[in-house]
Amino acid sequence: MSDYETGNLTRRSFGGFAIGLTAAGLLSGRAANAAQNKKFALPSGQELVADRQIDAGDLSIGYAELGPANGPPVVLFHGWPYDINAFAEVAPLLADQGHRVIVPHLRGYGSTKFLSENTMRNGQQSALAVDAIKLMDALRIDNATVAGFDWGARTADIVAALWPERCKGLVSVSGYLIGNQMAGKAPLPPSAELQWWYQFYFATDRGLEGYGKYTDDFAKLIWQLASPKWKFDDATFERSARAFANSDHVAIVVHNYRWRLGLTDGEKRFDEFETKLAAGPEIHIPSITMEGDANGAPHPDSKTYAGKFKAKYEHRLVTGGIGHNLPQEAPEAFAKAVAEVGSWT
């Protein structure tokens, strides 16, 4: 394994990024031509639209798809409280290189809906990972490079750990995020507990009601705290905030955080997966973990999880005031990692 520091590789440096990829031989001639033409690039400020829908497991999943249908697949998973627009620049960059890029709304976001009113609105970690596998099954994707941040990083980590045969490579912001309820019950030092203030808020009825009443205000505050140096404008936030209007959003978010603390149960059908995850499984596929140098959200030190990655592995620190939403704040660095890790097999 190795450490790798990416200095200021943000949206401002795409020219050098593209040249670097080509020089490294990561793009075929066909993909390089596609990158030069930028046929998938979105105009500045344009929304990434989940204009496709497919039934997969418990859900009808809304997703965006870019790039050639026969390209090497990449599945990108967003976090909370964000949406697919975290990848509005990443997805076209990868599509221009010849990848088939799938960007789904997680359960409780955007156009993703439950197929049955009787299905529990469950936010536990393994449920989201099973959603990812069911989506790949529905799209007939045997294996893919999986990548994400926040909830999406945890989802990608779990897919890589439990279904390594379905993964070509992994990119995970903030590294190894697989957890378990027993660990979630253990008290932390007060300074660490303070960082998780919203988790305790969601544990109360007041928090449930408050998040439902002030969803957008709450999300914007999290964006500001988690990425203190990211100067996003109102239009950028509003593009993502539309995804929070999903009727299941509040229930999924609150259940996720209550489940982590052991305050509520998940579903027995996921017990098998949670038992495996509680053991802290190793990840045996090529992996890159990433961190922004200005991440204001709770996140582990990379030294604490490096040993979990047993195949070719690098950790990359992205500098220049990059916060928690690394794909949106530093899209070139994130896209480069996804393209590279997919070439390591």
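Every chain's residues receive numbers from 1 upward, in the order its sequence appears when written. Only residues with pLDDT of at least 70 are given local features in this predicted model, and only at 80 or more are side-chain atom pairs given and counted; all residues enter the totals for whole chains, interfaces and linings. For side-chain calculations, the full set of non-hydrogen atoms in the structure is used, while hydrogens and water are omitted.

Chemist: How should I be thinking about the pairing of strand β2 (residues 52-56) in this particular structure?
Modeler: Regular strands have side chains that alternate between both faces of the sheet. Note: β2 against strand β3 (residues 59-66), five bridges, orientation antiparallel. Within the sheet, the bridge partner assigned to Q53 lies in β3 and is G62. Pairs of strands are assigned from DSSP output, requiring at least two bridges between the strands. Each helix is a run of H or I in the DSSP string that is no shorter than four residues. Each strand is a run of E no shorter than two, and both are numbered from the N terminus. In this antiparallel pair of consecutive strands, β2 and β3, the connection spans two residues, and G57 shows a positive phi of 65°.

Chemist: How should a negative patch on the surface be read in this particular structure?
Modeler: Candidate patch residues must exceed 30% relative accessible area and have no salt bridge, after which like charges are joined if within 9 Å and Val, Leu, Ile, Met, Phe, Trp or Tyr side chains if within 5 Å. Method for areas: the Shrake-Rupley scheme with a 1.4 Å probe, in which residue coverage is limited to the protein chains shown. Within this document, salt bridges are pairs made up of a side-chain nitrogen of Lys or Arg and a carboxyl oxygen of Asp or Glu, the two lying within 4 Å of each other. In this count, Lys and Arg are taken as positive residues and Asp and Glu as negative ones, while His and the chain termini are left out. To locate a charge, take NZ of a lysine, CZ of an arginine, CG of an aspartate or CD of a glutamate. Taken together, D216, D217, D233 and E238 make up a surface patch of like negative charges. Mapped onto the elements of the fold, D216 is located in helix α10 (residues 215-226). Relative accessible area decides the class of each residue, using a 1.4 Å probe on protein chains only: under 20% of the type maximum gives buried, over 50% gives exposed, and in between gives partly exposed. With relative accessibility at 37%, the residue D216 sits in the partly exposed group.

Chemist: I would appreciate a short explanation of the nonpolar core in the present structure.
Modeler: Most often, soluble globular proteins keep nonpolar side chains buried together rather than apart. What we call a nonpolar core is a set of buried Ala, Val, Leu, Ile, Met, Phe, Trp, Tyr and Cys residues that are connected through their side-chain atoms within 4.5 Å. Within the largest apolar cluster, 102 residues are counted, with the highest numbers of intra-cluster contacts made by L76, W80, M290 and F334. It is helix α4 (residues 125-138) that contributes the most residues to this core, eight residues altogether. Contacts of W80, omitting those with residues within four sequence positions, involve Y109, D150, W151, Y198, F202, Y211, F218, I222, H249, V253 and Y257. Contact definition: two residues touch when any of their heavy atoms are within 4.5 Å.

Chemist: Before we go on, may I ask you to explain the environment of D301 in this structure?
Modeler: Along the chain, the position of D301 falls in the loop between β9 (287-292) and β10 (313-318). For D301, a relative accessible area of 43% puts it in the partly exposed group. Along the sequence, D301 and S174 sit 127 residues apart, while their C-alpha atoms lie 8.1 Å from each other. Polar contact is defined as a pair of N or O atoms within 3.5 Å, subject to the rule that within protein one atom must be able to donate a hydrogen and the other to accept it, and that residues adjacent in sequence are counted only when both atoms are side-chain atoms. Polar contacts involving the side chain of D301 include one to the main-chain amide nitrogen of K303, which spans 2.8 Å.

Chemist: When you look at the side chain of E65 in this model, what are you seeing that I'm missing?
Modeler: Tracing the sequence through the fold places E65 in strand β3. Its relative accessible area of 14% is what places E65 among the buried residues.

Chemist: Explanation requested: helix α13 (residues 271-278) in the structure shown.
Modeler: Given 3.6 residues to a turn, an α-helix orients residues that are three or four positions apart in the same direction. Along α13, the residues that are buried comprise F273, E274 and L277. Looking straight down α13, one finds that the buried residues subtend no more than 95° of arc, so they occupy a single side. Contacts from the buried residues of α13 go to α4, α5 (151-162) and α12 (249-260). Backbone geometry just after α13 places G280 at a positive phi near 65°. This arc corresponds to the set of directions leading from the helix axis out to the C-beta atoms.

Chemist: Which parts of the structure should I look at to understand helix α15 (residues 331-341)?
Modeler: Most of α15 is tucked away, with 11 of its 11 residues classed as buried. The set of residues buried in α15 consists of P331, E332, A333, F334, A335, K336, A337, V338, A339, E340 and V341.

Chemist: Looking at this structure, I do not really get the side chain of T112. What am I missing?
Modeler: Mapping T112 onto the fold places it in the loop between β5 (100-104) and β6 (113-114). By relative accessible area, T112 is classed as buried at 1%. Filtering out sequence-adjacent residues up to four positions away, T112 remains in contact with Q53, L59, S60, I61, G62, H105, L106, R107 and N246.

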